[in-house]
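Understanding the architecture of this molecule
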Amino acid sequence: MRDTAATSAQPAMIVMSIWCSSLSLSSRSLAIALVICVTLVYFSYSFNACLLASISRSLQQSNLRNLLALTSSPRNETNNATNSSGSSSSRNSSSTTGAPPAQTVTSSLDGAPKYQLLRQQGLRPSRHLPDTLIIGVKKSGTRALLEFIRLHPDVRAAGSEVHFFDRHYQRGLRWYRHHMPYTIEGQITMEKTPSYFVTKEVPQRVYHMNPATKLLIVVRDPVTRAISDYTQAASKKADMKRFEQLAFVNGSYSVVDTNWGPVKIGVYARYLERWLLYFPLSQLLFISGERLIMDPAYEIGRVQDFLGLKRVVTEKHFYFNATKGFPCLFKSEARSTPHCLGKTKGRNHPHIDPGAIERLREFYRPFNNKFYQLTGINFAWP
Ligand code: A3P
């Protein structure tokens with residue numbers, strides 16, 4: 001800027017000196033004084049303009065630093081507020097145990113158009129530990145729930161099951177957070193790993209990450225769930241024994257094999273009791289797997305309310321696909337892209353002897369009643 005000022009002053013000075021040479025001595029000294037005055041005024045103006053520009057530049061830099069500090073500060077700064085309110089504004093309060101700070105988008109992603117657009121609006125996407133977990137129950141409709149709720153623009157979910165709390169806990173929260181999607185302020189981070197519900201250590205570990213974590217649990221009639229679980233296992237193993245042989249001890253229907261995974265997982269009350277040692281019932285939402293198929297919009301409405309979200313996902317997003325025999329979804333209200341869950345969801349089940357089914361129903365009845373009592377919901381399983 002100073003160079004420009006000097007360059008633009010040169011022609012004016014040349015004109016002045018030609019004019020001066022044509023004047024008498026006294027008028028000449030007057031003119032020289034005038035030229036000096038004009039030059040001084042001009043340079044002082046340029047200097048001030050420079051000074052103002054540099055002050056404004058440093059102010060901008062300091063604002064940017066403040067913004068960065070805000071977006072990348074650990075959410076546990078707000079942990080106290082989180083614990084007391086548990087509202088959606090409390091999302092991501094990371095840990096009572098020193099969770100790592102949120103990670104903002106790195107420069108390698110800065111060039112991506114979607115992040116550029118966000119940045120232009122003053123938003124900096126970053127990864128956060130989950131606010132909400134779908135903890136189970138396996139084969140009850142957990143994938144359907146995740147696919148349905150993530151239609152909401154304020155929900156971002158990890159694509160695959162991360163298994164942090166059951167298999168990878170030793171890798172630490174920084175590792176876990178790295179598996180989370182980028183979110184912007186106001187968006188919920190979600191993860192689903194159905195084995196969390198039945199793994200002994202998980203409730204305490206989730207509590208240590210963030211006691212305000214919201215927990216979603218899809219449940220289904222434990223007998224159908226066990227058959228679904230078996231069907232999945234049998235699809236991977238050609239010489240699998242029949243369901244009836246595995247579900248009972250000694251081949252008769254008198255003793256149920258409670259050590260067999262597909263049967264064991266259906267004793268929901270036992271696992272729920274462990275979760276209730278760490279989380280109040282108000283932080284858990286139970287979703288009926290049966291109703292998720294019959295009336296997905298209703299169940300998703302409940303989920304959105306529970307998460308403090310506007311009801312954006314509605315019946316307009318669903319249609320019943322007669323070929324699949326299950327609800328499928330439209331990715332937008334405009335009903336543009338229809339999408340059904342993959343082939344591994346909604347499999348045909350093998351025929352099971354009705355006697356075996358009846359015996360299993362009898363076995364589960366007291367545990368189901370206990371579960372209804374704990375949750376305050378009668379799921380009316382047969
Ligand atoms: P089946 O394949 O035995 O019918 P998960 O995702 O927890 O593994 O649960 C799988 C179950 O989700 C399926 O079990 C199916 O019954 C149920 N489900 C619920 N809604 C569905 C949908 N819209 N499409 C496909 N399966 C759905």
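Cut-offs used in this document
- Residues numbered from 1 in each chain as written.
- Predicted model: local features only at pLDDT ≥ 70, side-chain atom pairs only at ≥ 80, totals over all residues.
- Heavy atoms only, no water.
- Helix = DSSP H or I, 4+ residues; strand = E, 2+ residues; numbered from the N terminus.
- Buried < 20%, exposed > 50% of the residue type's maximum accessible area, 1.4 Å probe, protein only.
- Areas by Shrake-Rupley, 256 points an atom, 1.4 Å probe, with all protein chains shown as cover.
- Core = buried A, V, L, I, M, F, W, Y, C linked by side-chain atoms within 4.5 Å.
- Contact = heavy atoms within 4.5 Å.
- Pairing = 2+ DSSP bridges.
- UniProt positions renumbered as here; feature names shortened; annotations may be inferred.
- Axes fitted to C-alpha atoms, helices over the stretch in contact; angles between N-to-C directions.
- Parallel < 35°, antiparallel > 145°, perpendicular 65-115°, else oblique.
- Nonpolar A, V, L, I, M, F, W, Y, C, P; charged D, E, K, R; others polar.
- Near = heavy atom within 4 Å.
- Polar contact = N/O pair within 3.5 Å; in protein donor to acceptor, adjacent residues only side chain to side chain.
- 1 Å grid on protein atoms, 1.4 Å probe; cavity = no way out; pocket = protein on both sides within 12 Å on 5 of 7 lines; lining within 4 Å.
- Sits in = over half its atoms within 2 Å of the grid points.

Summing up its helical and strand segments, the protein has 15 helices and 11 strands in all. When burial is assessed residue by residue, the protein has 42% of its 382 residues classed as buried. When the accessible surface of the protein is split by element, carbon and sulfur atoms take 57% of a total near 20200 Å².

Looking now at the nonpolar core. Phe165, Tyr176, Tyr196, Phe197, Trp275 and Phe371 are the most contacted members of the largest nonpolar core, which has 33 residues in total. Among the elements of the structure, strand 3 (132-136), helix 7 (172-178), helix 8 (202-209), strand 7 (214-219), helix 12 (268-276), strand 8 (284-288) and helix 15 (354-375) are those that each provide at least two residues to this core. Ranked by residues supplied to this core, first place goes to helix 12 with five residues. When residues no more than four places from it in sequence are discounted, the contact partners of phenylalanine 165 are Leu133, Tyr176, Tyr196, Val202, Arg205, Val206 and Met209.

Further remarks concern the pairing of strand 9 (residues 318-321). The pairing of strand 9 with strand 10 (residues 326-330) spans four bridges and is antiparallel. The residue of strand 10 that forms the bridge with asparagine 321 is phenylalanine 326.

Under the local residue numbering, the UniProt record ascribes the feature "active site" (unreviewed entry) to Lys139. The topology assignment puts lysine 139 in the loop between strand 3 and helix 6 (142-149). For lysine 139, a relative accessible area of 12% gives the class buried.

Reading across from one edge, 9-10-11 is the order of the three strands in this open sheet, with antiparallel pairing throughout. The open sheet terminates on both sides in strands that have one partner only, identified here as strand 9 and strand 11 (338-339).

Turning to the environment of glutamine 204, a few remarks are in order. Secondary-structure assignment places glutamine 204 in helix 8. Residue class for glutamine 204 comes out partly exposed when judged on its relative accessible area of 37%. Taking the C-alpha atoms as reference points, glutamine 204 and leucine 277, separated by 73 residues in sequence, lie 8.7 Å from one another.

Relative orientation of the contacting elements helix 12 and helix 15 amounts to 30 degrees, with a least axis distance of 8 Å. If you check the angle between helix 12 and helix 15, you find them roughly parallel. Here helix 12 contributes Tyr268, Ala269, Leu272, Glu273 and Leu276 to the contact with helix 15, which in turn contributes Phe367, Lys370, Phe371, Leu374 and Thr375. Tallied by class, residues from the contact of helix 12 with helix 15 come to seven nonpolar, one polar and two charged.

Within the structure, the ligand sits among 19 residues, and Thr142, Ser228, Pro327, Gly346 and His349 are positioned closest to it. At 3.0 Å from an oxygen atom of the ligand is found a main-chain nitrogen or oxygen belonging to glycine 141. Interatomic distance of 2.6 Å between a side-chain N/O atom of threonine 142 and an oxygen atom of the ligand. Alone, the ligand offers 570 Å² of accessible surface; in the complex the protein occludes 97% of this. In this structure the site holding the ligand corresponds to the largest pocket. Looking at the shell around the ligand, the elements that each hand over two or more residues are helix 6 and strand 10. Tallying contributions element by element places helix 6 first for the shell around the ligand, with four residues. Classifying every residue of the shell around the ligand gives six nonpolar, seven polar and six charged.

In regular strands, side chains alternate between the two faces of the sheet. Extensive coverage of strand 7 is indicated by the burial of six of its six residues. Side chains Lys214, Leu216 and Val218 of strand 7 all project onto a buried face; the interleaved residues Leu215, Ile217 and Val219 project onto the opposite face, where all are buried too. Of the pairings in the sheet, the one linking strand 3 to strand 7 comprises four bridges and is parallel in character. Of the residues in strand 7, the one forming a bridge with isoleucine 134 is leucine 216. Sheet analysis places strand 7 next to strand 8, joined by five bridges and oriented parallel. Within strand 8, the position partnered with valine 219 by the bridge is serine 288.

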